[in-house]
Amino acid sequence: MRKRIERQTLHVYLEGELDLHNADELKEAIDIEIDKKGIKNIVLHMEKLTFIDSSGLGVLLGRYKKLLPLGGKLKVTNVPPNIYKIMELSGLPKIIEFLPKETA
Amino acid sequence: MVFTFSSLPENVTISRMLLSAVGSQLNLPINELEELKVAVSEAVSNSIIHGYKNNPEAFVTLEVESSSKKITIQVIDTGCGIPDIKQAMQASYSTDPERMGLGFVFMQSFMDELKVESEVNQGTKVIMTKYLKNLEPSH
């Protein structure tokens, strides 16, 4: 996982598999930026994410809920089709904004 | 195949890898393999988080049985059990606000059959079956 802050927006580049094993690590990595640096807008880049389950989706939902009262936003981009299928089943696309695919 | 492991979060990843290996031996299509991986991930995570309340000193057993027609996966723990299985299997039933409460929904969606047996203070057994229709030769 790689992080970058640009114009007050935190960009997180997810890699590999996101499950119970590393969900807390991602949660803490994001929350520290929200709590310590006052970051309110987050973009998760998912092109290198190969697996997600409900533990991983829970981190996304939790960050969405955390940013909401702060007036912030969580957005995702470059979601691989297999990951999107799971996100769709969870209903997350109804509340989280999906940015159009970035061209490299 | 029977595989018993400590109730540690990293073993969710490992149980998925094991299933991946079984699935590729069966020549499962990638999308079906992905579905099996999500289902097993949810079942093992449930045992660790809910069954054992994150106690790392317990054990989870994963049983995988496969034939040319179907693959059956059992995830067994000897944890706290589920008092009301029907309620637990409903969408968005979660005891933790950071979690989605979708574990059973995913298992149900991605497998053809799902059975949950549970006794309070005895443990929980999740039995999931997927039929391998795509393996039959096409005419």
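Here, every reference points to the structure presented above.
Since the structure is predicted, the reported quantities are computational estimates derived from the model, not experimental observations.

Undergrad: Just give me the short version of the sheet that holds strand 5 (residues 97-98) of chain A, but keep the residues and values in it.
TA: Residue and element names in this part refer to chain A. Overall, mixed pairing links the 5 strands, which are arranged 1-2-3-4-5 in an open sheet. Every other strand in the sheet has two partners, leaving strand 1 (2-6) and strand 5 as the edge strands with one partner each. Relative to strand 4 (residues 73-77), strand 3 (residues 41-52) is paired through 5 bridges, and the arrangement is parallel. Counterpart to His 45 in the pairing with strand 4 is Thr 77. Set on the sheet, helix 2 (residues 54-67) makes contact with strand 2 (9-18), strand 3 and strand 4; between it and strand 4 the angle comes to about 145°.

Undergrad: With reference to specific residues and values, describe the pairing of strand 3 (residues 70-77) of chain B.
TA: All names here are of chain B. Bridging between strand 2 (residues 59-66) and strand 3 involves 7 bridges; their strand directions are antiparallel. If you follow Val 64 over to strand 3, its bridge partner there is Ile 73. Hairpin connection from strand 2 to strand 3: 3 residues lie between these consecutive antiparallel strands. By the bridge criterion, 8 bridges tie strand 3 to strand 5 (residues 123-131) in an arrangement that is antiparallel. Note on strand 5: the bridge partner recorded for Thr 72 is Thr 129.

Undergrad: Account for the interface of chain A and chain B, with residues named and values stated.
TA: Taken together, the contact between chain A and chain B spans 16 residues of the former and 19 residues of the latter. Of all the secondary structure elements, the ones that give two or more residues to the side of chain A that touches chain B are helix 1 (20-37), helix 2 and helix 3 (81-90) of chain A. The dominant element in the side of chain A that touches chain B, judged by the number of residues it contributes, is helix 2 of chain A, at 6 residues.

Undergrad: Break down the pairing of strand 5 of chain B for me, with residues and values.
TA: Residue and element names in this part refer to chain B. Bridge analysis of strand 4 (residues 113-119) against strand 5 gives 7 bridges, and the strand direction is antiparallel. Looking at strand 5, one finds that Glu 117 is bridged to Lys 125. Hairpin connection of strand 4 to strand 5: 3 residues between the antiparallel strands, including Asn 121 at a positive phi of 65°.

The rules we used
Residues numbered from 1 in each chain as written. Chains lettered and ligands numbered in written order. Predicted model: local features only at pLDDT ≥ 70, side-chain atom pairs only at ≥ 80, totals over all residues. Pairing = 2+ DSSP bridges. Helix = DSSP H or I, 4+ residues; strand = E, 2+ residues; numbered from the N terminus. Contact = placed C-beta atoms within 7 Å. Axes fitted to C-alpha atoms, helices over the stretch in contact; angles between N-to-C directions.

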